[in-house]
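Now for the letters of each chain:
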Amino acid sequence: MTGAAQSWLDAALEGPDLPGLGKARGAAAKAFAKEGLPHRRMEDWKYTDIRSRLGEALPPAEPLEAPGDFLNPFAALDAPEICFGNGFWAHGAELREGVDVLTLSEALSAKADWVAKSLGAAKAPEDQPMLALNTALMRDGLCLKVARGLDGGAVVLGHEGRAGRQTVRNLIVLEPGARFTLIEAHQGGGEAQQSQQVSEIFVGEGAQLTHIRLQDAGAKTVHLATDVVNVAGGGDYRGFVTTTGAALSRQETFIEFTGPDAEAHISGAYMLASDQHADVTTRIHHAVPRCTSREVFKGVIADEARGVFQGRVIVAEGAQKTDGHQLNKTLLLSDRAEIDTKPELEIYADDVKCSHGAATGQLDENQLFYMRARGIDEASARGLLMQSFLAEALEEVEDERLRACLQGHVNGWLGAHAEKPGGVPHEL
Amino acid sequence: MLQISDLHVSVDGKDILKGISLEMGKGEVHAIMGPNGSGKSTLSYTLAGRAGYEIAQGEILLGGVDIADLAPEERAAKGFFLALQYPVEIPGVTTMTFLRTAFNAQRKARGEEELSAPQFLRLVREKARALNVSEEMLKRALNVGFSGGEKKRMEVLQMSLFEPALTVLDETDSGLDIDALKVVADGVNALRGPERAFLVITHYQRLLDYIVPDYVHILADGRIVRSGGKELAIELEKKGYDALIREAA
């Protein structure tokens, strides 16, 4: 084991532990110790070198009394807010009746049945060192359950990070027929941070979850998020990830269809500049018949930033009538910007419809000239073209008000990076 | 209105325009006719300020002001409009958004008040109706999936919205059937007036049956080899480029 891996395991032993985790922690630590931190000789980590960026574990973060800096980008929705500061529960508003909310430590202390049943139970790909590390180190998180058949509304889950190592584990359970919208917003200051989050998400039979994530973490943050999503028969998961923050980030989404006739859409937009590195890794396992998956990821990369998209779709033998579609397109704004895109389709059934597409390009000179010749200044023309390029991804967000909030964030980034005073035009 | 004197332009190090001089007064319609490769498109892109068209010598005055160093958007705000031979498709930007952004950008650059969305909508609807441009086209992404005729009508719609002092029509007639050609010509003729000048660049005389010019110039190998009235276009149609250019030499 390398020294760096040891530093992460030593980190697990500090301080008072959450109750009832002894065995799970031990097993997870053992699993992690096998390889330690992922390295570039592992196929899934070939393009994202977290060893060099993560190195030694930072000291654990302290809870924040009041994460007052959290600016809710979704305020226009008027949804209740739950805030975490440095990875610890800070405050939360009441949710609808029938939506159970507990912090991870509360849930473990109270030995809530549904938590005991589901925590660590989500089906995930084998040998995931970061999942193991999260189990070994998790300190707090959100446990949320929406009761059978209930429309639980929406919640904005704000994460404000200031410093240190933050390890969060969430558990989201939608009982059969339930509906819910989970909106995560990750923000933070400029101190060095290591933030690792795993969410286990169970979408019950016929249930529907809309899951939005806006990752705008601080400039010195390494942000690693893994969503392990199990979708039961007839269930529907709609994920959307907007990435503008962190020095290095990796968003992993693992979808496992556990029942037939289910659907999963995971899409996103990434906008990167300076020397940012952002990795989107998805794996969709069509283990059962008649499920539909759809991915639309688009990005704009400036300066020396680097993006990674890895999209694996596995259609198991017998998963007939699978419908899978994947698209990844990136605009590179500078000669030094980079995108590594790797679609991987593994199909073991014969009656399936699967497609994928990947493309990389630059802003079109003809389009730029045309717009300028009609009076639109260069920066605005660039902004408008980038906005229109990203629109295909944003349109995957069905709720208009939700989309408008994300569009506002996107436009803010474009305004700052298309070098135009006053930002880009807002309606499209 | 427009004064071009001894204009030399090179593209990728190759001399294309080799000393063009042209003077256009307010309200005049001039036609520039020339065979392929004579420098017609180079002239229109140079006037519009496209990057890559290097002015080696000469000057371009618009309304007495030298525009050679102005960006394309600055020329547009000063009343210059180039209708393109191949209008560009812009997926993801609706026609309406594009029109309003461009319209207000020009007004803003001139220090005029921008139009509100409802004000602009009213204006566009009125202009669009006259050109047979449907509401549905305005809602679609700019030029995406438009037929050749629809794209040209969209160019004319923009021209009628911006009301430019000088319009250059770069082979606007190419690929148009006779009905589409008439729509374009009617749009131009409706806009003709003492304050507006047009430079019609074309290979064929056909368009000039509908947009009747005051002056015709023949362009060959980067130079204007002959100028005359509208009858020159008819003479050209009879004799062909080769004979006429040989005569002029």
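1. Regarding the overall build of chain B
Then, number 1: If you tally the helices and strands in chain B, you get 10 helices and 12 strands.
Then, number 2: Computed over C-alpha atoms, the radius of gyration of chain B comes to 18 Å, within 12% of the 18 Å expected from 2.2 N^0.38 for 249 residues, which places it in the range of a compact globule.
Then, number 3: With the principal axes as the frame, chain B shows a C-alpha extent of 55 × 40 × 35 Å.
Then, number 4: By residue count, 51% of the 249 residues in chain B fall in the buried class.
Then, number 5: Total accessible area on chain B is roughly 10,800 Å²; 47% of this is exposed by carbon and sulfur atoms.
Then, number 6: When the 30 positive and 36 negative side-chain charges of chain B are each reduced to one mean point, those points stand 4 Å apart.

2. Some words on the interface of chain A and chain B
Then, number 1: Listed as interface residues are 19 residues of chain A and, on the opposing side, 31 residues of chain B.
Then, number 2: The three residues of chain A that bury the most area against chain B are Phe369, Tyr370 and Arg374 of chain A, which together make up 38% of that side's buried surface.
Then, number 3: Where chain A packs against chain B, one counts 2 salt bridges.
Then, number 4: Here Arg372 of chain A ties to Glu73 of chain B by a salt bridge, and the two come within 2.7 Å at their closest N and O atoms.
Then, number 5: For the side of chain A that touches chain B, the secondary structure elements donating two or more residues are α7 (365-373) and α8 (378-394) of chain A.

3. Looking at the side chain of Gln187 of chain A
All names here are of chain A.
Then, number 1: Tracing the chain through its elements places Gln187 in strand β7 (residues 179-188).
Then, number 2: According to the relative accessible area criterion, Gln187 is buried, its value standing at 16%.
Then, number 3: Only 2.7 Å separates the side chain of Gln187 from the backbone oxygen of Leu71, close enough to count as a polar contact.

4. Quick word on the sheet that holds strand β8 (residues 193-203) of chain A
Residues and elements named next belong to chain A.
Then, number 1: Taking strand neighbours across the sheet as the criterion, the 9 strands line up as β3-β4-β6-β8-β10-β12-β14-β16-β18 in an open arrangement whose pairing is mixed. The strands lining the two open edges of the sheet, one partner per strand, are β3 (99-103) and β18 (338-347). The sheet shows a mean angle of 5 degrees between the axes of neighbouring strands, direction not considered.
Then, number 2: Pairing analysis gives 5 bridges linking β3 to strand β4 (residues 142-146), with the strands arranged antiparallel. When the sheet's bridge partners are listed, Thr103 is paired in β4 with Leu142.
Then, number 3: Each of β6 (164-174), β8 and β10 (221-231) touches helix α6 (residues 129-137); the most contacted strand, β6, lies at about 100 degrees to it.

5. Topic: the pairing of strand β3 (residues 29-33) of chain B
Residue and element names in this part refer to chain B.
Then, number 1: Where burial is concerned, most of β3 is hidden: 5 out of the 5 residues are buried.
Then, number 2: Side chains Val29, Ala31 and Met33 project from β3 onto one buried face, and the interleaved His30 and Ile32 project onto a second face that is buried too.
Then, number 3: In terms of strand pairing, β3 meets strand β10 (residues 197-202) through 5 bridges, oriented parallel. What sits directly across from His30, in β10, is Leu199.
Then, number 4: Of the strand pairs in this sheet, β3 and strand β11 (residues 215-220) are connected by 4 bridges, and their pairing is parallel. Of the residues in β11, the one forming a bridge with Ala31 is Val216.

6. What about the pattern of salt bridges?
One side chain can pair with another of opposite charge once the charged atoms of both are near each other.
Residues and elements named next belong to chain A.
Then, number 1: Going through the model one piece at a time under the given rule, you end up with 41 salt bridges over all chains.
Then, number 2: Among the salt bridges present, the one from Arg169 reaches Glu200, with a minimum N-O distance of 2.8 Å. Within this pair, whereas Arg169 is found in strand β6, its partner Glu200 is found in strand β8, the two being separated by 31 residues in sequence.
Then, number 3: Classification of Arg169 by relative accessible area gives buried; the value is 4%.
Then, number 4: Judged by relative accessible area, which is 4%, Glu200 ranks as buried.
Then, number 5: Between Glu346 and Arg312 there is a salt bridge whose closest N-O contact spans 3.7 Å.

7. Topic: the pairing of β11 of chain B
Residue and element names in this part refer to chain B.
Then, number 1: Most of β11 is tucked away, with 5 of its 6 residues classed as buried.
Then, number 2: Pairing analysis gives 5 bridges linking β11 to strand β12 (residues 223-228), with the strands arranged antiparallel. Within β12, the residue paired with Ile218 across the bridge is Arg226.
Then, number 3: Linking β11 to β12, which pair antiparallel, is a turn of 2 residues; within it Asp221 sits at a positive phi near 45 degrees.

8. A closer look at the domain arrangement of chain A
Residues and elements named next belong to chain A.
Then, number 1: For chain A, the assigned domains are domain 1 (3-362) and domain 2 (365-428).
Then, number 2: Each of domain 1 and domain 2 has a C-alpha centre, and the two are 27 Å apart.
Then, number 3: Taken together, the 31 residues of domain 1 in the interface contact 18 residues of domain 2.
Then, number 4: Carbon and sulfur atoms supply 74% of the area that domain 1 and domain 2 bury against each other, a total of about 2,200 Å² over both sides.
Then, number 5: Across the pair Glu396 and Arg294 runs a salt bridge, and its minimum N-O distance is 2.7 Å.
Then, number 6: Inspection of the region where domain 1 meets domain 2 yields 7 residue pairs in polar contact (both at pLDDT 80 or more).
Then, number 7: Those elements that place two or more of their residues in the side of domain 1 that touches domain 2 are β7, β9 (208-216), β11 (236-243), β13 (263-272), β15 (292-301) and β17 (323-332).
Then, number 8: Looking at the side of domain 1 that touches domain 2 element by element, the count peaks at 6 residues for β13.
Then, number 9: Looking at the side of domain 1 that touches domain 2 residue by residue, the classes come out as 17 nonpolar, 9 polar and 5 charged.

9. Topic: the confidence of the model for chain A
Then, number 1: Looking at chain A, the pLDDT average stands at 92 and 94% of residues meet or exceed 70.
Then, number 2: This stretch, residues 420-428 of chain A, has a pLDDT under 50; its non-local contacts, to residues over four places away or in other chains, come to 24 contacts.

10. Overview of the sheet that holds β10 of chain B
All names here are of chain B.
Then, number 1: If you trace the 6 strands from one edge of the open sheet to the other, you get β6-β9-β10-β3-β11-β12, paired in mixed fashion. For this open sheet the edge positions go to β6 (80-83) and β12, each flanked by a neighbour on one side alone. Strand after strand, the sheet turns through a mean of 20 degrees between neighbouring axes, direction not considered.

Rules used in this analysis
Residues numbered from 1 in each chain as written. Chains lettered and ligands numbered in written order. Predicted model: local features only at pLDDT ≥ 70, side-chain atom pairs only at ≥ 80, totals over all residues. Heavy atoms only, no water. Helix = DSSP H or I, 4+ residues; strand = E, 2+ residues; numbered from the N terminus. Rg over C-alpha atoms; globule rule 2.2 N^0.38 Å. Buried < 20%, exposed > 50% of the residue type's maximum accessible area, 1.4 Å probe, protein only. Areas by Shrake-Rupley, 256 points an atom, 1.4 Å probe, with all protein chains shown as cover. Lys, Arg positive; Asp, Glu negative; His and termini not counted. Charge placed at Lys NZ, Arg CZ, Asp CG, Glu CD. Contact = heavy atoms within 4.5 Å. Buried area = accessible area lost by both parts, 1.4 Å probe. Salt bridge = Lys/Arg side-chain N within 4 Å of Asp/Glu carboxyl O. Polar contact = N/O pair within 3.5 Å; in protein donor to acceptor, adjacent residues only side chain to side chain. Pairing = 2+ DSSP bridges. Axes fitted to C-alpha atoms, helices over the stretch in contact; angles between N-to-C directions. Domains from an automatic or database assignment. Nonpolar A, V, L, I, M, F, W, Y, C, P; charged D, E, K, R; others polar. pLDDT = per-residue confidence, 0-100.

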